[in-house]
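Here is what each chain is made of, one letter per residue.
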Amino acid sequence: MVTMARGGEIARGGDAPPPWLAAVPVGIAIALLPALLVVGAVIGLAGVGALLARPRLAVYALAFTVPYQGLAETRIQGANVTATEGVILLLLAGWGTARAAGRVPAPRLGPLTVAIGLLLSLLILSCAVAPNLVLSAKELVKWAEVATVIVIGQSLLSRPRDRALLFGALTAAAVSQAVYGLLQSTLLWGPSHFMIGPWLLRAYGSFEQPNPFGGYLGLHLPLVVSVAAFGTAGRWTRGAVVVSAAVIGMCLIATMSRGAWLGQVTGLLVVALVGSKAARHAVATFGGLGVVVVLAAWPVLPAAVTDRVQSIFASLVAFGAASNALTPENWAVMERLSQWTAGWRMFAANPLVGVGIGNYNSVYADYRLPEWPVALGHAHNHYLTVAAEAG
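## So, the side chain of Thr-84
Right, on to step 1. Following the sequence through the fold, Thr-84 ends up in helix α4 (residues 83-100).
Right, on to step 2. Sequence-distant contacts of Thr-84, that is, excluding residues within four places in its chain, are made with Leu-62, Thr-65, Val-66 and Gln-69.

## What to know about the packing of aromatic side chains
Right, on to step 1. Under the definition given, this model contains five aromatic pairs.
Right, on to step 2. Ring geometry for Phe-207 versus Phe-213: centroids 5.6 Å apart, planes at 35°, classification tilted.
Right, on to step 3. Residue classification places Phe-207 among the partly exposed residues on the basis of a relative accessible area of 22%.
Right, on to step 4. Relative accessible area serves as the criterion here: at 0%, Phe-213 is assigned to the buried category.
Right, on to step 5. Measuring from centroid to centroid gives 5.8 Å for Tyr-360 and Tyr-364, while their planes differ by 40°, and the two rings are tilted. On the criterion of helical spacing, the pair formed by Tyr-360 and Tyr-364 is a turn pair, its members being four residues apart in helix α14 (residues 360-367). Assigned by exposure class, Tyr-360 and Tyr-364 land together as buried.
Right, on to step 6. By way of ring pairs, the aromatic residues Phe-207, Phe-213 and Tyr-216 are connected into one cluster.

## A short note on a nonpolar patch on the surface
Right, on to step 1. Taken together, the side chains of Val-179, Tyr-180, Leu-183, Leu-187 and Trp-189 define a hydrophobic patch exposed on the protein surface, amounting to about 430 Å² of accessible area.
Right, on to step 2. The residue Trp-189 is located in the loop between α7 (160-187) and β5 (195-196) in this model.
Right, on to step 3. Overall, the relative accessible area of 40% leaves Trp-189 in the partly exposed class.

## Here we look at the pattern of salt bridges
Right, on to step 1. Overall, the coordinates contain three salt bridges when judged by the stated rule.
Right, on to step 2. Its salt-bridge partner being Asp-162, residue Arg-56 comes within 3.5 Å of it at the nearest N-O pair. Taken together, the positions of Arg-56 in helix α3 (residues 55-68) and Asp-162 in helix α7 put the pair 106 residues apart, joining distant regions of the chain.
Right, on to step 3. Given a relative accessible area of 24%, Arg-56 falls into the partly exposed group.
Right, on to step 4. Lys-142 is paired through a salt bridge with Glu-139; the nearest N and O atoms lie 3.6 Å apart. Taken as a pair, Lys-142 and Glu-139 lie in helix α6 (residues 133-156) at a separation of three residues, close to a single helical turn.
Right, on to step 5. The partly exposed category is assigned to Glu-139, whose relative accessible area is 22%.
Right, on to step 6. A network of salt bridges, in which partner residues are shared, links Arg-56, Arg-159 and Asp-162.

## Section: the environment of Trp-95
Right, on to step 1. Among the structural elements, Trp-95 can be located in helix α4.
Right, on to step 2. Under the relative-accessibility criterion, Trp-95 is labelled buried at 14%.
Right, on to step 3. Placed 41 residues apart in sequence, Trp-95 and Arg-54 show a C-alpha to C-alpha distance of 8.3 Å.

Rules of the game
Residues numbered from 1 in each chain as written. Predicted model: local features only at pLDDT ≥ 70, side-chain atom pairs only at ≥ 80, totals over all residues. Heavy atoms only, no water. Helix = DSSP H or I, 4+ residues; strand = E, 2+ residues; numbered from the N terminus. Contact = heavy atoms within 4.5 Å. Phe/Tyr/Trp six-rings, centres within 6.5 Å; stacked < 30°, edge-to-face > 60°. Buried < 20%, exposed > 50% of the residue type's maximum accessible area, 1.4 Å probe, protein only. Patch = residues over 30% accessible without salt bridge, like charges linked within 9 Å, V, L, I, M, F, W, Y side chains within 5 Å. Areas by Shrake-Rupley, 256 points an atom, 1.4 Å probe, with all protein chains shown as cover. Salt bridge = Lys/Arg side-chain N within 4 Å of Asp/Glu carboxyl O.

All quantities given are derived from atomic positions and should not be read as evidence of function.
This is the structure we're talking about:
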């Protein structure tokens, strides 16, 4: 159909409508949606666009999504999917686009890249003996995500400034978790079975359990301490890092996680001993002074704390005695020993390729102690778990 438009021009009925008409139904739909949902969608789309356009931001975002991912997760085909998986996909897409356009350098083939590649190869090899390949696939996805972040991170964080920003993001995330944990501990926000005595609740952050929370804090504290001691120039910056280390350290104590305490002492000693000659002298001086102070204050320390420390040495004495009589006092220690024993038996029987990555639970019944029928999904030790599952 042909009509006469204003000004004498001929308009054809079959011509495409103006582009702005396409926005009308979108605008109507947005107007009908709840305001909070619209704001969330706009922020989410803006975030997705920013991460795709600047994949370096995705690396920084992972510093926060990893510790907080348990707050919002969904299950797809039996696997937990969190915001971390979404950010990693955006990181991969954004980096791939930037790499194709030549805007970022190729990843370096350094020792860390070689190590993670070798580890992935061995984990894949262990699938040959895995009784449940679905469980292996789920575990391999986790390790593949770690490898992706390591490889792409080397490409994106080539400048000192980029690495400093990543340190800032990691520290900010750890401090936020530590503050949350300290509030839980002092205000008694949490389940009653986390109570240690009448006055202290074990901090657990957003990790649901104190021990993994202690492990998370323990991974960050040596890094923050080393930067405070050897890596900052500027009074205010150093002061902020020192305060961050103090907050993380206090919360690590509040987790009452004995394994995290032992790991932390070892980690801080390594940082000090390899840091400098002055640091080694400081360890010798203040370490000895610290031992004297602790011994002097021991009689007045709360019984909940001293009992916790003493149980560390009791655990060492009880190693290999997971079949002993169980009591409420030794149950947690004996449970760990039972899982260590099962994990060691798996490794001893399959030293080359293990029992298959992700299959600890699948074969637990063949290696467990009679008194401990329940598998925990791991050997209560990361190194032993990897050795049991992958050799």
